[in-house]
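# Reading the structure
So the chains spell out like this:
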Amino acid sequence: MKFLAANKAQIASSGTPSQVIQAIANGAGISGIATFGAEGTSALLVMNDSDIYKPADLKGKTIGYHGALPANLIAMLQYNGMDVADVKGVSVGYDPTILATGKIDALTVYKSNEPYQMELLGHDVRVIDPGEFGAETSFGVLAVNNDFAAANPSTVEDFLRAVAKAHEYAITNIDESIAVLAARSESVYDIEAETNRWHVESELLEKAKDANHGVAWQTDEQWNREIQMLFDAKVIGKQLTVSEVMNNSFIDAIYTGTELIWP
């Protein structure tokens, strides 16, 4: 987001709308221009024999996280009559098997990653989805530098058009698309894990997709709920408006209803 704000990058990906909103709250001249997943990928993971099923069950429990406790999880606690002070948060590494040791009671995860890892290792686990408790988020955001977009609208549109077309191709050519990524990777690339990730995330995307619009269409509601969660979790100091953080004009320009305008 810093490179984007400085116009050293013109278009960049963001895991969630939250990253874009926080940058804008800090003065960045950027906007979210596409959101692929209208349902979030973040979740809490517990062992299947755990007594944790809902937010209230987390009271007095220890939650492991990477970096910081996600804002939507903080909001989930608040929306269900709790507070961060009601749980103990600890920073842990990236090995999810710490959950099986009993040192923590729950672990912040991605639906498409750690559950799969744990199941491969023979651990019986269960996912708790914040979206089911009032703290839904989104994923797969593309953001743009506002000055660049204003000066080059057709370039932004064509970039989004190409990404949307690539997504269409990947949906029906999964193995080939994964192989391309593996060939371009400069580090270890786990084809089985990435194939699982694609299946899980593409299913989330399809399940939550607006039936009247093409892929990556984003709504005011998606961004409003993210702004509200960040404000409620005290991550941002004021409630921004949707027009300050999101611009649908580019995604509007590349679709006729659900049909991508191609070429």
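Residues numbered from 1 in each chain as written. Predicted model: local features only at pLDDT ≥ 70, side-chain atom pairs only at ≥ 80, totals over all residues. Heavy atoms only, no water.

### A few points about unusual backbone geometry
Quick reminder of the rule: Only runs of H or I of at least four residues qualify as helices and only runs of E of at least two qualify as strands under DSSP, and these elements are numbered from the N terminus. For each residue, the accessible area found with a 1.4 Å probe, counting protein chains only, is set against the maximum for its type, and the residue is called buried under 20%, exposed over 50%, and partly exposed in between.
In the segment running from tryptophan 262 into proline 263, the intervening peptide bond is cis, with an omega of 0°. Of note in the backbone geometry, alanine 216 takes a positive phi value of approximately 80° without being a glycine. With respect to the helices, strands and loops of the structure, alanine 216 is situated in the loop between helix 8 (191-208) and helix 9 (220-232). For alanine 216, a relative accessible area of 4% puts it in the buried group.

### A closer look at the side chain of serine 31
Put simply, the rule is: Side-chain atoms alone can form a polar contact between residues adjacent in sequence; in general such a contact is a pair of N or O atoms within 3.5 Å, and within protein one must be able to donate a hydrogen while the other accepts it. In what follows, a contact means two residues having at least one pair of non-hydrogen atoms within 4.5 Å.
Among the structural elements, serine 31 can be located in strand 2 (residues 30-37). In terms of polar contacts, serine 31 uses its side chain to reach the side chain of asparagine 146, at 2.7 Å. Beyond its immediate chain neighbours, meaning those up to four positions away, serine 31 contacts Val20, Ile24, Leu142, Ala143, Val144, Asn146, Val245 and Asn247.

### With respect to the pairing of strand 5 (residues 88-91)
Counted only if it meets this: DSSP bridges decide pairing: two strands pair if at least two such bridges lie between them. When the strands point away from the viewer, a crossover counts as right-handed if the path from the first strand over the helix to the second runs clockwise.
In terms of strand pairing, strand 4 (residues 62-65) meets strand 5 through four bridges, oriented parallel. Note on strand 5: the bridge partner recorded for tyrosine 65 is serine 91. In this fold, the crossover linking strand 4 to strand 5 by way of helix 3 (residues 71-79) has right-handed handedness.

### A short note on the sheet that holds strand 4
Put simply, the rule reads: To define axes, lines are fitted to C-alpha atoms, for helices over the stretch in contact only, and angles between the resulting N-to-C directions are given on a 0 to 180 degree scale.
With mixed pairing, five strands are arranged side by side in an open sheet as 5-4-6-3-7. In this open sheet, the two strands that pair with only one neighbour each are strand 5 and strand 7 (125-128). Direction aside, the axes of adjacent strands within the sheet are offset by 35° on average.

### Examining the pattern of salt bridges
Pairing between side chains of opposite charge can happen when their charged atoms approach one another. So the rule is basically this: Counted as salt bridges are all cases of a side-chain nitrogen of Lys or Arg within 4 Å of a carboxyl oxygen of Asp or Glu.
For the coordinates displayed, the defined rule picks out eleven salt bridges. Put simply, lysine 54 and aspartate 57 hold a salt bridge, and the shortest N to O gap is 3.1 Å. Note on lysine 54: relative accessible area 41%, which makes it partly exposed. The buried category is assigned to aspartate 57, whose relative accessible area is 17%. A salt bridge links arginine 161 to aspartate 158; its shortest N-O distance comes to 3.3 Å. One end of the pair is arginine 161 and the other is aspartate 158, both in helix 6 (residues 153-172) and three residues apart, which spans about a single turn.

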